[in-house]
Amino acid sequence: MNRVKPFDIPKREVWEAFKRVKANQGAAGVDGQSIQEFEEKLTGNLYKLWNRLSSGSYLPPPVRRVDIPKANGGTRPLGIPTVADRIAQEVVRRYLEPLLEPKFHADSYGYRPGRSAIDGVRTARQRCWRYDWILDLDIKAFFESIDWELLLRAVRKYTQCRWVLLYIERWLKAPAMLEDGTLVQRERGTPQGGVISPLLANLFLHYAFDMWMGREFPGVPFERYADDAICHCRSEREALALHEALDRRFGECGLVLHPDKTKVVYCKDTTPVREIRKT
């Protein structure tokens, strides 16, 4: 007698998720298993994953933490999930993205289907002809700083699907494993490198920034790519006032503007660029 699964997750969704993960390739997670090795027992591995997802017993393994060098000499932490975990995250992403995409802001360009940084740059150039000042903002350690409670509250605005909420919360709380095998428990953030993380990051900033800008500064157009944004202002005074207001707004959301990368810039015709850094 077949037991009814508590969660109705079609097997086809797991198969489609696998095809997407395979196309994207990527490094092995904490178990050292490559996509090619996962494929050696593909039917059994996919069935096991589906069975655990649909029964509610799936527990994400730790993400493998690696530090990627940045151009400025620093590093960016990435969290690499296992192949199976990337497939599981893709199942949830496939469910959630169609619910969120129609609601996202027209000037949000990062990690979205049919949009790119090139589109954002093109729009920014056009607007710089009409606005002489910009606030170029960057959020410090954004992916590591996302408040879980605020994020889950935002997810619940779009779905009450129990398995989606359950697994997103488990992914948020999954520990990171360092190169020496040490497990690091996390209290906020979503690992940059996870399949579901870009969508969750966009959802968080949809409320923390995009919607807030529409309410508080409706006359200031912007282009946002993930945690970077350019806001177009008519005067230096307006740009500085926006900077101060965003300092407060992001503080309320548990975020901090990067003190060195966030700046007010004068961008009219051929006049030399003037940067004013807040101290």
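Further up the page is the structure itself.
Since we're looking at a predicted model, the values are computed, not measured.

Undergrad: Can you explain the overall build of the protein? Please cite residues and give values.
TA: The secondary structure content of the protein amounts to ten helices and nine strands. Its C-alpha atoms give the protein a radius of gyration of 21 Å, within 12% of the compact-globule value 19 Å for 279 residues. Of all 279 residues assigned to the protein, the portion counted as buried reaches 47%. Summarising the internal contacts of the protein: among those between residues at least 6 apart in sequence, 72% fall at separations of at least 24. Accessible surface for the protein amounts to roughly 14,700 Å². Of this, 51% is attributable to carbon and sulfur atoms.

Undergrad: Could you give an account of the pairing of strand E3 (residues 133-138), with specific residues and numbers?
TA: Counting buried residues along E3, five of its six residues qualify, which places the element largely inside the surrounding structure. As paired strands, E3 and strand E7 (residues 228-233) are joined by six bridges and run antiparallel to one another. Paired with tryptophan 133 across the strands is cysteine 233, a residue of E7. As defined by bridge partners, E3 adjoins strand E8 (residues 263-266) across four bridges and the pair is classed as antiparallel. Within E8, the position partnered with leucine 135 by the bridge is valine 264.

Undergrad: Report on the packing of helix H3 (residues 42-55) against helix H4 (residues 83-100), specifying residues and quantitative values.
TA: Direction vectors running N to C along H3 and H4 enclose 55 degrees, while the axes themselves pass 11 Å from each other. By the angle class used here, H3 and H4 are oblique. The handedness of the crossing between H3 and H4 comes out as right-handed. The residues of H4 that touch H3, namely those facing Leu46, Leu49 and Leu53, are Ala84, Ile87 and Ala88.

Undergrad: Go over the environment of arginine 249 with me, naming the residues and quoting the values.
TA: As for its position among the elements, arginine 249 is in helix H10 (residues 236-252). One polar contact links the side chain of arginine 249 to the main-chain carbonyl oxygen of alanine 208, over a distance of 3.0 Å.

Undergrad: Break down helix H5 (residues 117-128) for me, citing the residues and quoting the values.
TA: Between its first and last C-alpha, H5 extends 16 Å over twelve residues, near the 16 Å set by a 1.5 Å rise per residue. Buried within H5 are the following residues: Gly120, Thr123, Ala124 and Arg127. An end-on view of H5 places all buried positions within 105 degrees of arc, on one side of the element. Exposed residues pointing more than 90 degrees away from the buried face of H5 are listed as Ile118 and Arg125. For H5, the secondary structure elements touched by its buried residues are strand E6 (222-225) and E7.

Undergrad: Lay out the nonpolar core with the relevant residues and their values.
TA: With 70 residues, the main nonpolar core has Ile87, Phe209 and Leu242 as its most contacted residues. The dominant element in this core, judged by the number of residues it contributes, is helix H9 (residues 197-216), at ten residues.

Thresholds, definitions, all that
- Residues numbered from 1 in each chain as written.
- Predicted model: local features only at pLDDT ≥ 70, side-chain atom pairs only at ≥ 80, totals over all residues.
- Heavy atoms only, no water.
- Helix = DSSP H or I, 4+ residues; strand = E, 2+ residues; numbered from the N terminus.
- Rg over C-alpha atoms; globule rule 2.2 N^0.38 Å.
- Buried < 20%, exposed > 50% of the residue type's maximum accessible area, 1.4 Å probe, protein only.
- Contact = heavy atoms within 4.5 Å.
- Areas by Shrake-Rupley, 256 points an atom, 1.4 Å probe, with all protein chains shown as cover.
- Pairing = 2+ DSSP bridges.
- Axes fitted to C-alpha atoms, helices over the stretch in contact; angles between N-to-C directions.
- Parallel < 35°, antiparallel > 145°, perpendicular 65-115°, else oblique.
- Left-handed = near helix turned anticlockwise from the far one by under 90°.
- Polar contact = N/O pair within 3.5 Å; in protein donor to acceptor, adjacent residues only side chain to side chain.
- Expected span 1.5 Å × (residues − 1).
- Arc of directions from axis to C-beta.
- Core = buried A, V, L, I, M, F, W, Y, C linked by side-chain atoms within 4.5 Å.

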